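# Architecture at a glance
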Amino acid sequence: MMNQFNSDFSDAVILKLVVETDRAEIQLKDWQEHEHVVLVEDVLMLEEHESVGEDISHMRMSQNDELVRVACARAQKTPAAYHSFTFFGAWSEQPILTFVAGRLSVTDAESKC
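Next up on the list: the pattern of salt bridges. Counted by the stated rule, this structure contains four salt bridges. Close ionic contact of arginine 23 with glutamate 20 constitutes a salt bridge, the shortest N to O distance being 3.7 Å. A salt bridge links arginine 103 to glutamate 41; its shortest N-O distance comes to 3.7 Å. Of this pair, arginine 103 sits in strand S6 (residues 95-108) while glutamate 41 sits in strand S3 (residues 35-48), and the two are 62 residues apart along the sequence. A relative accessible area of 25% places glutamate 41 in the partly exposed class.

Once that is clear, we can look at the environment of leucine 97. Structurally, leucine 97 is set in strand S6. It is 9.4 Å that separates the C-alpha atoms of leucine 97 and valine 52, two residues lying 45 residues apart in sequence. Non-local contacts of leucine 97, meaning those with residues more than four positions away in its chain, are made with Ile14, Leu17, Ile26, Leu46, Glu47, Glu48, Ser51, Phe85, Thr86 and Phe87.

As a further point, take the pairing of strand S1 (residues 12-19). Pairing geometry for S1 and strand S4 (residues 55-62), over two bridges, is antiparallel. Its bridge partner being in S4, alanine 12 is matched across the sheet by isoleucine 56. Of the pairings in the sheet, the one linking S1 to strand S2 (residues 23-29) comprises six bridges and is antiparallel in character. Bridge pairing in S2 places valine 18 opposite glutamate 25.

Rules used in this analysis
- Residues numbered from 1 in each chain as written.
- Predicted model: local features only at pLDDT ≥ 70, side-chain atom pairs only at ≥ 80, totals over all residues.
- Heavy atoms only, no water.
- Salt bridge = Lys/Arg side-chain N within 4 Å of Asp/Glu carboxyl O.
- Helix = DSSP H or I, 4+ residues; strand = E, 2+ residues; numbered from the N terminus.
- Buried < 20%, exposed > 50% of the residue type's maximum accessible area, 1.4 Å probe, protein only.
- Contact = heavy atoms within 4.5 Å.
- Pairing = 2+ DSSP bridges.

None of this, on its own, says anything about what the molecule does.
Take a look at the structure:
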């Protein structure tokens, strides 16, 4: 799913970000004008840099990084069950949105209705 995510959503724009206690929903529009919803569940940490309206170039998933270790230590969770998901700005190539979470899934916005 992650490789498909990267190829499907390179050159996408973040339209909307909704954050709840332990989940987040990101609405994206890809370069072909199709809208998609990214659901991030079991969120332990969020780091956001004015991402709504920004173009993203790609997303990187990592399990063995400092963010995962810190977030899991604070939440008293097992790091093996979590990943960091980082979205990079198309123009800056810098992280604009990062989650430490247990799951990430993608659906078409139309199928969510």
